[in-house]
Amino acid sequence: MNKRRFSTKPSAKAKAVELLSRSDQSVRRLTDKLVRRDYGEEEIQETIEWLQAKHFIDDEAGCKRRFEYLYESSDYSVKHICAKLMQKGYPSDIVYSCVPDEIYDVELTKAAKVLRKKYKAPAAYQKMMQYLYSKGFSYEAARDSVEQYLSEGDNT
């Protein structure tokens, strides 16, 4: 006999808690996942409100944690991190509120690291600038890191 035939669908709360146990979710992303699993709009809304009341889900805190993690441990530009977080369902106002006021020094360091990974020997100025732009680095950080990289090549 097939067991699946007799199994019941878990409640939206149970499914949401299961999804949250695997990874942090934004409200929008969790809502989308529950919609795809055919839960009703009212049940989803009740579940989201319940999760927020229990502090199981908090877009602001979750976004801040993810931003800080990516900002500290990755080579991504701030623009790339922001895009990534918005893809995860965090609202843009919350995402941009996580961005520190002064990011130039960190961006410069990350851009230089990305250049060193991509180019083992100095390449054309425009080519390196274009690569850094495509990775989301600001004009100033890209320009200064390329100039620094090219000047290092002159000294070796």
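As the structure is a computational prediction, the values presented were derived from the model and not from experiment.

*Asks:* Any chance you could break down the overall build of the chain for me, citing the residues and the numbers?
*Replies:* For the chain, the count of helices and strands is 9 helices and 0 strands. In summary, the chain has a C-alpha radius of gyration of 22 Å against a globular reference of 15 Å for 156 residues, an excess of more than 25%. Overall, the C-alpha framework of the chain stretches about 75 × 40 × 20 Å when taken along its three principal axes. Here the chain holds 156 residues, and 35% of them are scored as buried. Partitioning the contacts of the chain with sequence separation of at least 6, the portion at a separation of at least 24 is 60%. Accessible area for the chain stands at about 10200 Å²; split by element, carbon and sulfur atoms hold 50% of it.

*Asks:* Outline the nonpolar core, listing residues and values.
*Replies:* If you look at the biggest cluster of nonpolar residues, it comprises 13 residues, and the most contacted ones within it are C63, F67, V78, I81, C82, L85 and V95. Counting only elements with at least two residues in this core, the list comes to α4 (59-73), α5 (78-87) and α6 (92-97). With residues up to four places along the chain from it excluded, the contact list for V78 reads F67, Y71, V99, I103 and E107. Judged by nonpolar contacts, the second largest core, of 12 residues, contains L19, L34, I48 and I57.

*Asks:* Give a description of the packing of aromatic side chains that names residues and reports values.
*Replies:* As enumerated under the stated definition, the model contains 4 aromatic pairs in all. Considering the side-chain rings of W50 and F56, the 5.8 Å spacing of their centres and the 70° angle between planes classify their relative orientation as edge-to-face. According to the relative accessible area criterion, F56 is partly exposed, its value standing at 44%. Relative to Y139, the ring of Y133 lies with its centre 6.3 Å away and its plane at 25°, an arrangement referred to as stacked. Of the residues examined, Y133 reaches a relative accessible area of 36% and is grouped as partly exposed. Its guanidinium or amino end placed over the ring of Y39, K9 lies 4.1 Å from that ring's centre, counting from NZ or CZ.

*Asks:* Run through the environment of D75, naming residues and quoting values.
*Replies:* Considering the arrangement of structural elements, one finds D75 in the loop between α4 and α5. Separated by 39 residues in sequence, D75 and R36 have C-alpha atoms that sit 33 Å apart. Each residue touching D75, except ones within four places of it in the same chain, is listed here: K110, K113, V114, K117 and F137. There is a polar contact of 3.4 Å between the side chain of D75 and the side chain of K113. For D75, the side chain forms a polar contact with the side chain of K117, separated by 2.6 Å.

*Asks:* So what about the packing of helix α1 (residues 12-22) against helix α3 (residues 41-53)? Which residues, and what values?
*Replies:* Contact geometry for α1 and α3: axes closest at 9 Å, N-to-C directions at 50°. Comparing their axes, α3 and α1 come out oblique. Relative to α3, the crossing made by α1 is right-handed. Here A12, K13, A16, V17 and L20 of α1 lie close against α3, whose contacting residues are E43, T47, W50 and L51. The class makeup of the residues in the contact of α1 with α3 is 6 nonpolar, 1 polar and 2 charged.

*Asks:* Which residues make up a negative patch on the surface, and what values do they have?
*Replies:* Side chains of E41, E42, E43, E46 and E49 sit close together on the surface and give a patch of like negative charge. Following the sequence through the fold, E41 ends up in helix α3.

*Asks:* Let's hear about the environment of Y139: which residues, and what values?
*Replies:* By the element assignment, Y139 lies in helix α9 (residues 139-155). For Y139, a relative accessible area of 42% puts it in the partly exposed group. Each C-alpha atom, one on Y139 and one on M129, is 8.2 Å from the other, the two residues being 10 residues apart in sequence. Excluding residues that lie within four positions of it along the chain, Y139 makes contacts with M129 and Y133.

Calculation criteria
- The numbers attached to residues start from 1 for each chain and follow its sequence in the written order.
- At least 70 in pLDDT is required for a residue's local features to be given in this predicted model, at least 80 for side-chain atom pairs to be given and counted, and no such filter applies to totals for whole chains, interfaces and linings, which use all residues.
- Each side-chain value is derived from all of the structure's non-hydrogen atoms; neither hydrogens nor water enter the calculation.
- Working definition: helices are DSSP H or I runs of at least four residues, strands are E runs of at least two. Numbering for both runs from the N terminus.
- Atoms considered for the radius of gyration are the C-alpha atoms alone. The globule rule reads 2.2 Å times the number of residues to the power 0.38.
- Only protein chains enter the calculation, and the probe is 1.4 Å; a residue is then buried if its accessible area is under 20% of its type maximum, exposed if over 50%, and partly exposed in between.
- Contacts are assigned to residue pairs with any non-hydrogen atoms lying within 4.5 Å of each other.
- A 1.4 Å probe and the Shrake-Rupley method give the accessible areas. Residues count as covered only by the protein chains that appear here.
- Residues grouped as a nonpolar core are buried Ala, Val, Leu, Ile, Met, Phe, Trp, Tyr and Cys residues, joined through side-chain atoms within 4.5 Å.
- Note on aromatic contacts: the rings of Phe and Tyr and the six-membered ring of Trp form a pair at centre separations within 6.5 Å, being stacked when their planes are under 30 degrees apart, edge-to-face when over 60 apart, and tilted otherwise.
- Should the NZ of a Lys or the CZ of an Arg lie within 6 Å of a ring centre and within 35 degrees of the ring normal, that charge is described as sitting over the ring.
- Polar contact is the term for a pair of N or O atoms within 3.5 Å; when the atoms are in protein, one must be able to donate a hydrogen and the other to accept it, and sequence-neighboring residues count only if both atoms are side-chain atoms.
- Interaxial angles span 0 to 180 degrees and are taken between N-to-C directions of axes, which are lines fitted to C-alpha atoms, for helices over the stretch in contact.
- Throughout this description, any angle smaller than 35 degrees is read as roughly parallel, any larger than 145 degrees as roughly antiparallel, any in the 65 to 115 degree range as roughly perpendicular, and the remainder as oblique.
- Crossings are sorted by hand: turned counterclockwise from the far helix by less than a right angle, the near helix makes the crossing left-handed, and turned clockwise it makes it right-handed.
- Under the convention adopted here, Pro, Cys and the residues Ala, Val, Leu, Ile, Met, Phe, Trp and Tyr are nonpolar, Asp, Glu, Lys and Arg are charged, and Gly plus all remaining residues are polar.
- The patches described consist of residues with a relative accessible area above 30% and no salt bridge, like charges being joined within 9 Å and nonpolar side chains (Val, Leu, Ile, Met, Phe, Trp, Tyr) within 5 Å.
- Throughout this description, the term salt bridge denotes a Lys or Arg side-chain nitrogen within 4 Å of a carboxyl oxygen of Asp or Glu.
- Positive charges are assigned to Lys and Arg, negative charges to Asp and Glu, while His and the chain termini are left out of the count.
- In this description, the location of a charge corresponds to atom NZ of lysine, CZ of arginine, CG of aspartate or CD of glutamate.

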